[in-house]
Amino acid sequence: MHLSELVGLRPVPCAGLLLTLTRRCPLSCAHCSTSSTREGEEPGAARLRRFVGSFTAEDRPELVMLTGGEPLLLPELAAELAATARTVGTRSALLSGMFFARDGRIPDRIMRAITAVDHFSASLDVHHEREVPRAGVFRAMHRVLDAGIPVSFHLTGTGEDDPYLAGLTAEIRREFADRAPMLVNRVRPLGRAASWAAASAVVSAARPGAGPDPGRALPCAMAAWPVVAFDGTVLACCNQQAVDGRPVPEHLRLGHLAEDDWAAVRRRSLASPVLRMIRTVGPSHLYARYAAGGCADPGSAAPGSAAPGYCSGCRRLSDHPEVVAGATRDASGALGELLDQLSAARQTAAGPVELVRRHGGGRHAALVALSGPPPSPGSGSGP
Ligand code: SF4
Ligand code: SF4
């Protein structure tokens with residue numbers, strides 16, 4: 001499965017599921033805000049097995065993303081969940097910080113997990129490189145490619161003009177002959193779960209240089225896929241503060257592994273009028289449309305950047321009952337369902353590059369679609 005196909009599913013409600021296997025991680029990246037340590041919490045293998053086992057051929061996500069912390073601290077569980085998902089047609093992907101790859105080698109039990117999934121991604125940025133050398137990550141990624149598993153890199157930098165990013169993306173293109181697409185994002189205090197698949201819920205103004213317009217419709221594709229957090233809570237999005245904070249805002253809570261199966265979580269996500277509106281027009285537009293006096297929530301229009309306020313305004317929606325009531329009134333019925341579907345179809349039609357661009361990928365967005373040189377007869381998969 002190519003990265004662009006995976007990202008292309010991102011706006012489709014319940015086409016994917018982000019599954020946190022553990023909050024533990026042996027690395028200590030400076031920018032990690034999941035508080036990942038060697039002792040972090042886990043949802044529990046039995047609950048994860050039960051939840052993935054509740055997928056059916058008729059009711060399942062297209063893709064399950066195994067994440068953390070570091071999911072490869074539980075390689076047997078990762079392989080088992082991927083195999084279970086595959087029995088009903090769900091594909092899988094896994095994102096790793098590559099803790100095992102300092103010397104470029106991949107231990108056998110980790111390799112078995114990597115070859116059990118349909119796509120493998122490595123995180124790489126200036127903070128990760130202090131923990132695991134780039135050369136070791138590259139050697140390991142060559143081995144994964146040679147095993148026939150599509151790979152990608154998830155990179156972060158300070159912005160699209162970051163010289164570190166320019167150098168790293170150029171080196172990856174050379175090293176892997178464009179067979180390793182990249183998802184590039186700005187460094188912000190995010191952990192692993194929030195970094196998956198178009199990484200941030202930061203929605204950029206589509207017009208270059210345009211400032212945030214709180215009244216403008218800016219759909220949040222990040223509200224499309226349920227996220228299983230480290231404690232088994234199931235949320236509507238991967239915003240790190242929502243994933244880590246408790247209690248979870250009511251409109252962003254979809255259930256818990258202890259009591260819910262996939263069908264229940266999917267039903268809640270698809271039927272929620274507030275989530276439909278967040279996916280269709282975004283939280284800033286909801287404030288502009290329904291807040292008392294027609295004012296946008298101050299937090300939803302932070303000067304110079306739509307980013308922090310966009311999500312903080314969303315998390316505070318329950319403090320504004322008139323906004324929730326307006327969204328519920330307008331998006332509860334068949335029309336709300338239809339708008340949700342049309343919004344997803346429009347974003348899907350725009351393609352993965354545009355989606356990544358809108359969610360903060362900037363000029364590096366096109367790297368998500370790299371697919372390598374055309375295969376020549378008899379060529380192997382090596383560089
Ligand atoms: S950023 Fe990722 S690899 Fe680094 S410590 Fe956090 S979870 Fe581990
Ligand atoms: S907090 Fe709201 S706007 Fe931010 S990613 Fe989650 S659903 Fe989207």
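Everything discussed here concerns the structure shown above.
Residues numbered from 1 in each chain as written. Chains lettered and ligands numbered in written order. Predicted model: local features only at pLDDT ≥ 70, side-chain atom pairs only at ≥ 80, totals over all residues. Heavy atoms only, no water.

Peer 1: So, the sheet that holds strand β7 (residues 227-228): which residues are in play, and what are the values?
Peer 2: Strand order in the open sheet formed by nine strands is β6-β5-β4-β3-β2-β1-β7-β8-β9, and the pairing between neighbours is mixed. Bordering the open sheet on either side are β6 (182-186) and β9 (253-256), each of which pairs with just one other strand. Where helix α2 (residues 45-53) meets the sheet, its contacts fall on β1 (16-20), β7 and β9, and the angle it forms with β1 comes to roughly 170°. (Pairing = 2+ DSSP bridges. Helix = DSSP H or I, 4+ residues; strand = E, 2+ residues; numbered from the N terminus. Contact = heavy atoms within 4.5 Å. Axes fitted to C-alpha atoms, helices over the stretch in contact; angles between N-to-C directions.)

Peer 1: I'd like to hear about the pattern of salt bridges, residue by residue, with values.
Peer 2: Per the stated rule, a full pass over the model turns up 20 salt bridges. A salt bridge links R49 to E80, with the shortest nitrogen-to-oxygen separation between them at 2.6 Å. Taken as a pair, R49 in helix α2 and E80 in helix α3 (residues 75-87) lie far apart in primary sequence, 31 residues in all. In this structure R49 comes out as partly exposed when scored by relative accessible area, which is 38%. On the basis of relative accessible area, E80 is assigned to the partly exposed category, the value being 32%. A salt bridge links R268 to D260, with the nearest nitrogen and oxygen atoms 3.0 Å apart. Classification of D260 as buried rests on a relative accessible area of 8%. In this structure, a network of salt bridges that share partners links the residues R23, E41 and D244. (Salt bridge = Lys/Arg side-chain N within 4 Å of Asp/Glu carboxyl O. Buried < 20%, exposed > 50% of the residue type's maximum accessible area, 1.4 Å probe, protein only.)

Peer 1: Please give an account of the packing of aromatic side chains that cites residues and values.
Peer 2: Following the criterion strictly, the structure yields seven aromatic pairs and no others. Between F99 and F100, the aromatic rings sit 5.3 Å apart at their centres with planes inclined by 85°, giving edge-to-face as the arrangement. Considered together, F99 and F100 belong to a single accessibility category, that of buried residues. With a centroid separation of 5.5 Å and an interplanar angle of 55°, the aromatic rings of F153 and F176 are classed as tilted. In this pair, F153 is assigned in strand β5 (residues 151-157) and F176 in helix α7 (residues 163-176), connecting sequence segments 23 residues apart. A single burial state applies to F153 and to F176, both of which are buried. Ring pairs connect the aromatic residues F51, F55 and W262, which therefore count as one cluster. Stacked on the ring of W225, the Lys or Arg R10 has its end atom at 4.5 Å from the ring centre. (Phe/Tyr/Trp six-rings, centres within 6.5 Å; stacked < 30°, edge-to-face > 60°. Lys NZ or Arg CZ within 6 Å of the ring centre and 35° of its normal.)

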